[in-house]
Amino acid sequence: LKQGVELGDVYQTLQAFMGGVFINYFNRFGRTWQVYVQAEGQYRTEARDIDSFYVRNSKGDMVPLETFVSMERTFGPEFTLRFNEHRSAQINGILWPWISSGQGMAAFEEVFDQTMPATMGYDFMGMSYQEKVAAEGVSPSVIFGLSLLAVFLILAALYESWALPVSVLLATPIAVFGAFVGLLVRLLINDVYAQVGLVMLVGLAAKNAILIVEFARAKLDEGDSIVDAALDGARLRLRPIMMTAFAFILGVLPLVIATGSGAISRHILGTAVMSGMLASTLIGVFLVPVSFYVVESWRERGEAKPEPEEGAP
């Protein structure tokens, strides 16, 4: 200010010295060209070259930059990142094969809160940000519960009973257990593909149970006892259950052994569905008749009314 030099002129001269200042465009030879003011390379490679540049002051005199500019060497990064207008550092992490992205982000948040000062914060970007936004919506447990409720209501309307669908849906936990065992054995994660497979297993496991329960219910209506009806349903419907179940299991086998681009997603979906169906078929076929017997026994016990004693009003 004492030299009568505007600060903007100093910055512009430094920019021309260190890089270049854009002037305008002009058209020539059928192309548009840019005009820059820039010092020759031999005059701007060293800090001492600053004494070759001048700035015009308010009186019109030329003042050398070295009069009011001092330069010193410092060290820093080649570039600095900005995220949401804050200075930031980007952290990329690689997860172990058996660790899901959600678990990795939770571990990062825990370590950050324990080690970083309170003046620092963090946020996610890219696929991690999209996963965080998706997690704020409807959770997978709610979706799975709604699918169970939908199947229960459909079966209740089909059999006109609130108790009978329970014996059908009791096969679902077996299929879910088998799906998680299959994912654990193959060191696969529980992601959105596995959750789609779990929702699919609700209908597939119920389908096997319906084959037994529907036949057992028909035998019960014909006058058979609950035990005989359950045993007849399991014995006579065993072959169609095995045929349809293993036809489906062999149908998803290409997903389990898939290769190439996107193979991991197919591995997860195919493994969850195949292992869940195996458990539902091999274990559920024995437990569904038992659940049918228990549910029907409770229902008959609840419908039975004590006869009034003689002389009672």
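This section reports on the structure supplied with the text.

**Points about the overall build of the protein**
Reasoning step 1: Within the protein one finds 12 helices and 6 strands.
Reasoning step 2: Considered along the principal axes of its C-alpha atoms, the protein spans approximately 125 × 55 × 40 Å.
Reasoning step 3: Here the protein, with 313 residues, has 32% of them falling under the buried criterion.
Reasoning step 4: In the protein, 60% of the contacts between residues at least 6 apart in sequence involve partners at least 24 apart.

**Overview of the side chain of Ser275**
Reasoning step 1: The residue Ser275 is located in helix H11 (residues 263-282) in this model.
Reasoning step 2: What makes Ser275 buried here is its relative accessible area of 12%.
Reasoning step 3: Of note is the side chain of Ser275, whose polar atom sits 2.5 Å from the backbone oxygen of Thr271.
Reasoning step 4: Ignoring sequence-local partners within four residues, the contact set of Ser275 consists of Gly178, Ala179 and Gly182.

**Observations regarding the nonpolar core**
Reasoning step 1: Formed by 44 residues in total, the largest nonpolar core has its most connected members in Val168, Leu201 and Phe292.
Reasoning step 2: Take this core: its biggest share by element is 13 residues, from helix H7 (residues 192-221).
Reasoning step 3: Beyond its immediate chain neighbours, meaning those up to four positions away, Phe292 contacts Leu164, Ser167, Val213, Ala216, Arg217, Leu220, Ile226, Ala229 and Ala230.
Reasoning step 4: Counting 11 residues, the second-largest nonpolar core is a separate cluster that includes Val10, Leu14, Ala39 and Leu65.

**Looking at helix H2 (residues 101-115)**
Reasoning step 1: With 15 residues, H2 should reach 21 Å at 1.5 Å per residue; the first-to-last C-alpha distance of 21 Å fits that figure.
Reasoning step 2: Taken as a whole, H2 has its buried residues at Gly104, Met105, Glu109 and Phe112. The arc that holds the buried residues of H2, viewed along the axis, is 135°, so those residues lie on one side. Facing away from the buried side of H2, by more than 90 degrees, are the exposed residues Glu110 and Gln114.
Reasoning step 3: Contacts made by the buried residues of H2 are with helix H3 (127-135).

**Describing unusual backbone geometry**
Reasoning step 1: Phi at Asn84 takes a positive value of approximately 55°, unusual for a residue other than glycine.
Reasoning step 2: Although it is not a glycine, Leu187 sits at a positive phi angle of roughly 60°.

**Considerations on the pairing of strand E2 (residues 31-37)**
Reasoning step 1: Of the pairings in the sheet, the one linking strand E1 (residues 21-28) to E2 comprises 7 bridges and is antiparallel in character. Looking at E2, one finds that Asn27 is bridged to Thr32.
Reasoning step 2: Connecting the antiparallel pair E1 and E2 is a turn made up of 2 residues, with Phe29 showing a positive phi of about 60°.

**Description of the packing of H7 against helix H9 (residues 238-251)**
Reasoning step 1: For the pair H7 and H9, interaxial distance at closest approach is 10 Å and the crossing angle is 160°. It follows from the interaxial angle that H7 and H9 lie roughly antiparallel. The chirality of how H7 crosses H9 is right-handed. Between H7 and H9, the residues in contact are Met200, Leu204, Lys207, Asn208, Leu211 and Ile212 and Ile241, Thr244, Ala245 and Phe248, respectively.
Reasoning step 2: The class makeup of the residues in the contact of H7 with H9 is 7 nonpolar, 2 polar and 1 charged.

**Details of helix H1 (residues 7-18)**
Reasoning step 1: Taking 1.5 Å as the rise per residue, H1 with 12 residues should run 16 Å; its terminal C-alpha atoms sit 16 Å apart, in good agreement.
Reasoning step 2: Every buried residue of H1 is accounted for by Val10, Thr13, Leu14, Ala16 and Phe17. For H1, the angular spread of buried residues about the axis comes to 160°, placing them on one side. In this structure, H1 carries Tyr11 and Met18 as exposed residues pointing more than 90 degrees from its buried face.
Reasoning step 3: In the core, the buried residues of H1 are packed alongside E1, E2 and strand E3 (54-56).

**What to know about the pattern of salt bridges**
It is possible for side chains bearing opposite charge to pair when their charged atoms get close.
Reasoning step 1: This structure, assessed with the given rule, holds 2 salt bridges.
Reasoning step 2: For Arg235, the salt bridge identified is with Asp232, shortest N-O distance 2.3 Å. One end of the pair, Arg235, and the other, Asp232, are both in helix H8 (residues 226-236), 3 residues apart, so they sit about a helical turn from each other.
Reasoning step 3: Look at Arg235 and you get exposed, because its relative accessible area is 52%.

**Details of the environment of Glu78**
Reasoning step 1: Tracing the sequence through the fold places Glu78 in the loop between strand E4 (62-64) and strand E5 (81-83).
Reasoning step 2: Under the relative-accessibility criterion, Glu78 is labelled exposed at 82%.
Reasoning step 3: Taking the C-alpha atoms as reference, Glu78 lies 39 Å from Ala263; in sequence the two are 185 residues apart.

**Observations regarding the environment of Gln42**
Reasoning step 1: Mapped onto the elements of the fold, Gln42 is located in the loop between E2 and E3.
Reasoning step 2: Relative accessible area serves as the criterion here: at 59%, Gln42 is assigned to the exposed category.
Reasoning step 3: Considering only alpha carbons, one finds Gln42 and Gly260, 218 residues apart in sequence, at a separation of 54 Å.

Here is what the cut-offs are and how they apply
Residues numbered from 1 in each chain as written. Predicted model: local features only at pLDDT ≥ 70, side-chain atom pairs only at ≥ 80, totals over all residues. Heavy atoms only, no water. Helix = DSSP H or I, 4+ residues; strand = E, 2+ residues; numbered from the N terminus. Buried < 20%, exposed > 50% of the residue type's maximum accessible area, 1.4 Å probe, protein only. Contact = heavy atoms within 4.5 Å. Polar contact = N/O pair within 3.5 Å; in protein donor to acceptor, adjacent residues only side chain to side chain. Core = buried A, V, L, I, M, F, W, Y, C linked by side-chain atoms within 4.5 Å. Expected span 1.5 Å × (residues − 1). Arc of directions from axis to C-beta. Pairing = 2+ DSSP bridges. Axes fitted to C-alpha atoms, helices over the stretch in contact; angles between N-to-C directions. Parallel < 35°, antiparallel > 145°, perpendicular 65-115°, else oblique. Left-handed = near helix turned anticlockwise from the far one by under 90°. Nonpolar A, V, L, I, M, F, W, Y, C, P; charged D, E, K, R; others polar. Salt bridge = Lys/Arg side-chain N within 4 Å of Asp/Glu carboxyl O.

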